[in-house]
Protein chains: 2
Amino acid sequence: MTKMKCTVAYDGSQFFGYQVQPGKRTVQSEIQEALARMHHGQPVKIAASGRTDRGVHAYGQVFHFETPLNIPKERWPLALNSLLPNDIYIRDAEEVPEQFHARYDVKKKEYRYRLLTRMEPDLFRRMYTTQVKETLDLDRMKQAAGAIIGTHDFTCFCAANTDVKDKVRTVYQLSVQREGADEIVLRIVGSGFLYQMVRIITGTLLDVGTHKIAPERVAEIIAGRDRQAASATAPAQGLTLWKVSY
Amino acid sequence: MTKMKCTVAYDGSQFFGYQVQPGKRTVQSEIQEALARMHHGQPVKIAASGRTDRGVHAYGQVFHFETPLNIPKERWPLALNSLLPNDIYIRDAEEVPEQFHARYDVKKKEYRYRLLTRMEPDLFRRMYTTQVKETLDLDRMKQAAGAIIGTHDFTCFCAANTDVKDKVRTVYQLSVQREGADEIVLRIVGSGFLYQMVRIITGTLLDVGTHKIAPERVAEIIAGRDRQAASATAPAQGLTLWKVSY
């Protein structure tokens, strides 16, 4: 058996999230179905770096699988893409050692969150950005971002419905930058992320940017370890899993 | 009765074109359905500046309709947008004189065609750009564009299946410009356009840009008035009806 690691992009708009759910169109199901077709109907299970929620996109999601097929690595993307729908695209495939695991071996993940900062909606970016009609104070957002960087217990930024016990994570980078005429992009790199952590951080930075929360308050919110103290979860469609590093 | 003129944007991806077709989801049907709801079920017919094909987008399509309702003009977009699906957006509404006609009074139309010039597909722009993997020579394309500007019989750039007799139109502007890291945008302004004219012009400019046709050949193609001499019709999804002027 050969172990393959694949990098995949997907447009989350038309999926019920990444993970298999009976009767729903999901990213994992589509990829496993394409792999099964390549394996003459034999089921092939894939393991990804983690799930993404409904409406969340990926540019650099990673998964692995094992195969008895002997196909050169550069042929895998071509073969899979010819079987996949046009909202999933395998960007790369490589052979990895037997002990590699797409989830357990993650060193860093990068997410990006795109905000559309103008009054009129943009139909053509409605599935890839979250519109914010209020003026955002970037300096305040950057100041608050500084308080999030580092190793902390991030209970405050974790959705309540989770089984994860250890909520200590490290955020290596968190930048807030204007892009183009009317976008602001949040880039966040961390050792790993709790359930909905990036979207709750985004929601909290939005409240800082619109003067609902003081930037200094963010360190207190983290220290308090109370989800209720942080802000609402930002919508899914602005979020993209950008890169997974091993 | 009051005559209203509306400017509407739509994402053509999920429509079978602009015009009503029985049993199909079209832009005109959706707008007329929203208007009928505002008029207590009474049908309201709209007249647009022209049709757009399946998959073609609009940023500034214009239509008119007549109404017995007495609603201030700034309330119309709010009322209609609350009833319309999220891939149609009424940008503006204004009252116009009784004799105004959205189709017959058009002075100029502007279309834009977006090309994605990179090797890897971009899932997030797949519905709004046409990917070109070959290198495009912009200087050649600009030279050819110069031959198209002006008043000509554009039979060569008109799809065969049309009833229109007079094929003389005026192209006022036709520019080819890089935009961002990996896009080229064609902007074309004309007195009016024949069926699929912008997409056939785009296809022809692409053949010039990839050295399949000499730029000097384009004037001959126009003079020859033969659709077969021009290039293939470029795909719908790169095209947007940008602006209609009266």
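Everything numeric in this text was worked out from a predicted model, so none of it was measured.

### Comments concerning the relation of the copies chain B and chain A
Relative to chain A, chain B is turned by 180° and slid 0.0 Å along the rotation axis, the superposed coordinates differing by an RMSD of 0.0 Å. Look at the turn and shift together and you get a two-fold axis relating the two. Looking at the interface residues of chain B, 100% of them are also at the interface in chain A, so both copies use one shared face.

### Overview of the interface of chain B and chain A
Taken together, the 18 residues of chain B in the interface contact 18 residues of chain A. Considering only the side of chain B, the residues that lose the most area to chain A are L123, F124 and R126 of chain B, jointly responsible for 38% of the buried surface there. Inspection of the region where chain B meets chain A yields 4 salt bridges. Residues E120 of chain A and R91 of chain B are paired through a salt bridge, measuring 3.3 Å at the closest nitrogen-oxygen approach. Taken together, the links from chain B to chain A amount to 6 residue pairs in polar contact (both at pLDDT 80 or more).

### A short note on the pairing of strand β5 (residues 108-116) of chain A
Residue and element names in this part refer to chain A. β5 sits mainly inside the fold: 7 of its 9 residues count as buried. Relative to strand β10 (residues 239-245), β5 runs antiparallel, the two being bridged by 6 bridges. Pairing of E110 across the sheet is with K243, part of β10. Both β5 and strand β9 (residues 183-190) contribute to a ladder of 8 bridges, which runs antiparallel. Pairing of L115 across the sheet is with I184, part of β9.

### Topic: the UniProt feature "active site" (unreviewed entry) in chain A
All names here are of chain A. Cross-referencing UniProt, the feature "active site" (unreviewed entry) maps to D53 in the present numbering. Along the chain, the position of D53 falls in the loop between β2 (47-48) and β3 (57-67). Contact partners of D53, with chain neighbours within four places excluded, come to G17, Y195, Q196 and R199.

### A few points about helix α5 (residues 217-224) of chain A
Residues and elements named next belong to chain A. If you check which residues of α5 are buried, you get V218, I221 and I222. The buried side chains of α5 occupy one side of the element, clustering within an arc of 95° when seen end-on. Phi turns positive, to about 50°, at R225, one or two residues after α5.

### With respect to unusual backbone geometry
Of note, the phi angle at Q196 of chain A is positive, near 65°, even though the residue is not glycine. Within the secondary structure, Q196 of chain A is located in the loop between β9 and α4 (197-209). Positive phi, close to 65°, is recorded for H211 of chain B, a residue that is not glycine. Note that H211 of chain B resides in the loop between α4 (197-209) and α5 (217-224).

### Concerning the UniProt feature "binding site: substrate" (unreviewed entry) in chain A
UniProt's entry tags Y111 of chain A with the feature "binding site: substrate" (unreviewed entry), counted in the numbering of this structure. Using a relative accessible area of 8% as the deciding quantity, one classes Y111 of chain A as buried.

### Let's talk about the packing of aromatic side chains
Scanning all chains against the criterion turns up 16 aromatic pairs over all chains. Considering the side-chain rings of Y111 of chain A and F193 of chain A, the 5.3 Å spacing of their centres and the 90° angle between planes classify their relative orientation as edge-to-face. On the criterion of sequence distance, the pair formed by Y111 of chain A in strand β5 and F193 of chain A in the loop between β9 and α4 is long-range, its members being 82 residues apart. Ring centres of F154 of chain A and F157 of chain A lie 6.1 Å apart, and the angle between their planes is 25°; this geometry places the pair in the stacked category. Comparing F154 of chain A with F157 of chain A shows no difference in burial state: the two are buried. The rings of F63, F65 and W76 of chain A are connected pair by pair, giving a single aromatic cluster. Above the ring of F16 of chain B, the side-chain terminus of K24 of chain B is found at 4.5 Å from the ring centroid. The side chain of R91 of chain B reaches across the aromatic face of Y59 of chain B, ending 3.8 Å from its centre.

### Notes on the domain arrangement of chain A
Residues and elements named next belong to chain A. Segmenting chain A into domains produces domain 1 (2-96) and domain 2 (108-245). Taking only C-alpha atoms into account, the centre of domain 1 sits 28 Å from that of domain 2. For the pair domain 1 and domain 2, the summed buried surface comes to about 1100 Å²; carbon and sulfur atoms form 54% of the total. Among the residues of domain 1 in contact with domain 2, D53, H57 and Y59 are the three that bury the most area, contributing 40% of the side total.

### Focus: helix α1 (residues 27-38) of chain B
All names here are of chain B. Spanning 12 residues, α1 covers 17 Å between terminal C-alpha atoms, matching the ideal 16 Å at 1.5 Å per step. Among the residues making up α1, those that are buried are V27, Q28, S29, E30, I31, Q32, A34, L35, A36 and M38. The inward-facing, buried residues of α1 contact β1 (2-10), β3 (57-67), α2 (75-83) and β4 (88-96). Directly beyond the C-terminal end of α1, a positive phi value near 55° is found at H40.

Definitions and limits used
- Residues numbered from 1 in each chain as written.
- Chains lettered and ligands numbered in written order.
- Predicted model: local features only at pLDDT ≥ 70, side-chain atom pairs only at ≥ 80, totals over all residues.
- Heavy atoms only, no water.
- Least-squares fit on C-alpha atoms with pLDDT ≥ 70 in both.
- Contact = heavy atoms within 4.5 Å.
- Buried area = accessible area lost by both parts, 1.4 Å probe.
- Salt bridge = Lys/Arg side-chain N within 4 Å of Asp/Glu carboxyl O.
- Polar contact = N/O pair within 3.5 Å; in protein donor to acceptor, adjacent residues only side chain to side chain.
- Buried < 20%, exposed > 50% of the residue type's maximum accessible area, 1.4 Å probe, protein only.
- Helix = DSSP H or I, 4+ residues; strand = E, 2+ residues; numbered from the N terminus.
- Pairing = 2+ DSSP bridges.
- UniProt positions renumbered as here; feature names shortened; annotations may be inferred.
- Arc of directions from axis to C-beta.
- Phe/Tyr/Trp six-rings, centres within 6.5 Å; stacked < 30°, edge-to-face > 60°.
- Lys NZ or Arg CZ within 6 Å of the ring centre and 35° of its normal.
- Domains from an automatic or database assignment.
- Expected span 1.5 Å × (residues − 1).

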